[in-house]
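Chain by chain, the residues:
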Amino acid sequence: KPNLRLLQVLFQRYGRVVIETEFLSGYSGARTFLALPIRPDGHADAYTIVKIGERNAIRREYENYDRFVKDTLPPVTARVQSPPVMVASKTRQAQVRFQPAALRYTFLAEPGQMPVSLRETLQSNPDPGWITQLFETFGPNWWMQRRPYTFRTAQEYDRLLPTWYVLEPASGPGILVDGQDPPPRLDLHIGQTVRLGGFEQIEMRRDGRSLSLKAAERPGTPRLRLRWMSTADPNGATGRVVATRATLLDDYTEGFKRFGLPDPLARLEEILTSQVRGTRAIIHGDLNLENILVGPGNLVWLIDFATTREGHALIDFAHLKAEILAHIIAPQIPSEKD
């Protein structure tokens, strides 16, 4: 029903709208549709892309698009058509509900030819020229317009790691963890209780049963990120630590063969505190294979600007390399069972 109300508001000047298909999305949990708006007189306008997602993420995507993207795009590419549409909630809930918002993008396609993700393209045609074309299209206004940048690794790359702590609701006393304070040097352990407060950036996770909490952003330091295993408002609540970044990483890598190579997790703290002399430029921030589309005339363009920002110029390609290794190359390597 919330999605239906959003579509009604988004296309209120039309007589009806036809949802033609749903595109495969990335990892955010947002849903993306191809829609055909039809006027009251029966005439159809151009196809459009409708993205529906958590309202804070959609709002952030539009703000990032307006700040970093709209004036740097190549001539032929998908563009945001208007500010996001949100439907106000009539009641204040004790639960932190999923509050959706919608955003419209222009649609690029030829008759009978739908754009496909770079993942699908590389699976059928593993040509590195697609990556070269992506760089040549966006590089001049994004990654190549860079300036010197010295930073600690954690400042840029902490956000790619698991959350610092996972907490479940509990009772009893606990130390205060305030999202408005400067980033604390927390050293919590499993079973310890904390009191939460001051977290303004709260977003529903894709599972619909837990929340992502982010502390206030402070220049030069990574943001404290927590996972709250409930949809109840965490501010003012007490939580018990049920997992830490270390235990999450151990779980993710259990049984992983290193073939005699040293364990990089043993040096993680050293790596995060090391200093990097690099460059800073506009980056996409989530350059996964589903956020790169290939369309008519083999044009390559980007979507989903929720994490677009200025940052380390190599971070996008480190992410993209990991995606290609995991989703394109690894499935082609015979397993021991074969």
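Residues numbered from 1 in each chain as written. Predicted model: local features only at pLDDT ≥ 70, side-chain atom pairs only at ≥ 80, totals over all residues. Heavy atoms only, no water.

### Description of helix H1 (residues 2-10)
Turning to step 1, where the next piece is worked out: For H1, the full list of buried residues reads Leu6, Leu7 and Leu10. Looking down the long axis of H1, one finds its buried residues gathered within 100 degrees of arc, a one-sided arrangement.
Turning to step 2, where the next piece is worked out: On its buried face, H1 sits against strand E1 (16-23), strand E3 (48-54), strand E4 (85-86) and strand E5 (100-106). (Buried < 20%, exposed > 50% of the residue type's maximum accessible area, 1.4 Å probe, protein only. Helix = DSSP H or I, 4+ residues; strand = E, 2+ residues; numbered from the N terminus. Arc of directions from axis to C-beta. Contact = heavy atoms within 4.5 Å.)

### Describing a nonpolar patch on the surface
Turning to step 1, where the next piece is worked out: On the surface, Leu325, Ile329 and Ile333 cluster together to form a nonpolar patch covering roughly 270 Å² of accessible area.
Turning to step 2, where the next piece is worked out: Mapped onto the fold, Leu325 is located in helix H8 (residues 315-329). (Patch = residues over 30% accessible without salt bridge, like charges linked within 9 Å, V, L, I, M, F, W, Y side chains within 5 Å. Areas by Shrake-Rupley, 256 points an atom, 1.4 Å probe, with all protein chains shown as cover. Salt bridge = Lys/Arg side-chain N within 4 Å of Asp/Glu carboxyl O.)

### Description of the side chain of Thr193
Turning to step 1, where the next piece is worked out: Mapped onto the elements of the fold, Thr193 is located in strand E10 (residues 193-197).
Turning to step 2, where the next piece is worked out: By relative accessible area, which is 19% here, Thr193 ends up buried.
Turning to step 3, where the next piece is worked out: Here the side chain of Thr193 touches Pro173 through a polar contact of 2.5 Å, landing on its backbone oxygen.
Turning to step 4, where the next piece is worked out: Other than its neighbours up to four places away in sequence, Thr193 contacts Ser171, Pro173, Gly174, Ile175, Thr238, Gly239 and Arg240. (Polar contact = N/O pair within 3.5 Å; in protein donor to acceptor, adjacent residues only side chain to side chain.)

### Quick word on helix H6 (residues 245-252)
Turning to step 1, where the next piece is worked out: If you check which residues of H6 are buried, you get Arg245, Leu248 and Leu249. All buried residues of H6 lie within an arc of 95 degrees about the axis, which places them on one face of the element.

### Focus: the environment of Leu196
Turning to step 1, where the next piece is worked out: On the secondary structure map, Leu196 appears in strand E10.
Turning to step 2, where the next piece is worked out: Judged by its relative accessible area of 2%, Leu196 is buried.
Turning to step 3, where the next piece is worked out: For the pair Leu196 and Ile175, spaced 21 residues apart in sequence, the C-alpha to C-alpha distance is 8.6 Å.
Turning to step 4, where the next piece is worked out: Other than its neighbours up to four places away in sequence, Leu196 contacts Val177, Leu213, Leu226, Trp228, Pro234, Asn235, Gly236 and Ala237.

### Digging into the packing of aromatic side chains
How two aromatic rings sit relative to each other is given by the distance of their centres and the angle of their planes.
Turning to step 1, where the next piece is worked out: Enumeration according to the criterion identifies 11 aromatic pairs in this entry.
Turning to step 2, where the next piece is worked out: With 6.5 Å between their ring centres and 40 degrees between their planes, Tyr105 and Phe305 make a pair best called tilted. Of the two residues, Tyr105 is situated in strand E5 and Phe305 in the loop between strand E17 (300-302) and strand E18 (309-312); the sequence distance between them amounts to 200 residues. Grouping residues by exposure puts Tyr105 and Phe305 together as buried.
Turning to step 3, where the next piece is worked out: Measuring from ring centre to ring centre gives 4.8 Å for Trp143 and Phe317, while their planes differ by 65 degrees; the resulting arrangement is edge-to-face. Here the residue Trp143 occupies a position in the loop between helix H4 (129-138) and strand E7 (147-152), and Phe317 occupies one in helix H8, the gap between them amounting to 174 residues.
Turning to step 4, where the next piece is worked out: Ring-pair connections join several aromatic residues into one group, and the members of that group are Tyr65, Tyr105, Phe135, Phe138, Trp142, Trp143, Phe305 and Phe317.
Turning to step 5, where the next piece is worked out: Positioned over the ring face of Tyr149 is Arg280, at 4.9 Å from the centre of the ring. (Phe/Tyr/Trp six-rings, centres within 6.5 Å; stacked < 30°, edge-to-face > 60°. Lys NZ or Arg CZ within 6 Å of the ring centre and 35° of its normal.)

### Some thoughts on the environment of Arg218
Turning to step 1, where the next piece is worked out: Relative to the elements of secondary structure, Arg218 occurs in the loop between strand E12 (211-214) and strand E13 (225-228).
Turning to step 2, where the next piece is worked out: Residue Arg218 is classed as partly exposed on the basis of its relative accessible area of 31%.
Turning to step 3, where the next piece is worked out: A sequence separation of 35 residues divides Arg218 from Pro183, and the C-alpha atoms of the two residues are 7.7 Å apart.
Turning to step 4, where the next piece is worked out: When sequence neighbours within four positions are dropped, the list of residues in contact with Arg218 reads Gln180, Asp181, Pro182 and Pro183.
Turning to step 5, where the next piece is worked out: In this structure the side chain of Arg218 is engaged in a polar contact, spanning 2.3 Å, whose partner is the backbone oxygen of Gln180.

### Structural notes on the sheet that holds E17
Turning to step 1, where the next piece is worked out: Ordered in space as E6-E16-E17, the 3 strands form an open sheet in which the pairing is antiparallel. Each edge of the open sheet is held by one strand with a lone partner, namely strand E6 (116-117) and E17.
Turning to step 2, where the next piece is worked out: In this structure, strand E16 (residues 292-294) lies alongside E17, joined through 3 bridges in antiparallel fashion. Each residue of the ladder has a partner; that of Ile292, found in E17, is Leu302.
Turning to step 3, where the next piece is worked out: Where H4 meets the sheet, it contacts E16 and E17, and its direction lies at approximately 60 degrees from that of E17. (Pairing = 2+ DSSP bridges. Axes fitted to C-alpha atoms, helices over the stretch in contact; angles between N-to-C directions.)

### Section: the nonpolar core
Turning to step 1, where the next piece is worked out: Grouped together as the largest cluster of nonpolar side chains are 36 residues, with contacts concentrated most on Leu134, Phe138, Trp142, Ile292 and Leu302.
Turning to step 2, where the next piece is worked out: Contributions of two or more residues to this core are made by helix H2 (55-69), E5, helix H3 (118-124), H4, strand E15 (275-283), E16, E17 and H8.
Turning to step 3, where the next piece is worked out: Discounting chain neighbours no more than four positions away, the residues touching Phe138 are Leu73, Pro74, Thr77, Trp143, Val300, Trp301 and Leu302. (Core = buried A, V, L, I, M, F, W, Y, C linked by side-chain atoms within 4.5 Å.)

In short, shape yes, function no, at least from these values alone.
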